[in-house]
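In case you want the letters, here they are:
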Amino acid sequence: MFERIQKETHIVEDRELIASYDRFSTVFTLSLDGKVLVSKPFVFSSKYESEIEIASKIYKVHIFAFILWRSKLTVNNEVIIEELIPSRKRKSIGGLIYSLALGTARVLG
């Protein structure tokens, strides 16, 4: 089913961290307890890194949004959250497989 905004909730340091991605405007938003920490449109760039502070610790947000989606949260080079929006990653893998299958069918057919 098509959903415009893909959203996932995580618990970090006993606080609610919400990651969302708007497929129409290509805006990735990361909010902590209702306060927006990161709001990044992916129109002209596909890679983004930022530092955020949660409970006096510095966390790094890593996002790669070109062909295959990848977003993670780390602290001291240790991955805390492997994928911030798993549904976004699954959709990007599905889209890549679909494109490859159509391309192969065109070449062979």
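Analysis parameters
Residues numbered from 1 in each chain as written. Predicted model: local features only at pLDDT ≥ 70, side-chain atom pairs only at ≥ 80, totals over all residues. Heavy atoms only, no water. Pairing = 2+ DSSP bridges. Helix = DSSP H or I, 4+ residues; strand = E, 2+ residues; numbered from the N terminus. Axes fitted to C-alpha atoms, helices over the stretch in contact; angles between N-to-C directions. Buried < 20%, exposed > 50% of the residue type's maximum accessible area, 1.4 Å probe, protein only.

**Observations concerning the sheet that holds strand β5 (residues 47-54)**
With respect to topology, four strands assemble into an open sheet ordered β5-β6-β7-β8, the strand pairing being antiparallel. Unpaired on one side and paired on the other, β5 and β8 (78-81) mark the two borders of the sheet. Going across the sheet, the axis of each strand differs from the next one's by a mean of 35 degrees, ignoring polarity. Sheet analysis places strand β6 (residues 57-66) next to strand β7 (residues 68-75), joined by seven bridges and oriented antiparallel. Among the inter-strand pairings, valine 61 is bridged to a residue of β7, identified as leucine 73.

**Some points on unusual backbone geometry**
If a residue is not glycine, its phi is most likely negative; likewise, a peptide bond is most likely trans. The backbone phi angle of alanine 55 is positive, close to 55 degrees, even though this residue is not glycine. With respect to the secondary-structure elements, alanine 55 resides in the loop between β5 and β6. Located in the positive-phi region is asparagine 77, a residue other than glycine, with phi close to 60 degrees. Looking at the secondary structure, you find asparagine 77 in the loop between β7 and β8. The class of asparagine 77 is exposed, set by a relative accessible area of 77%.

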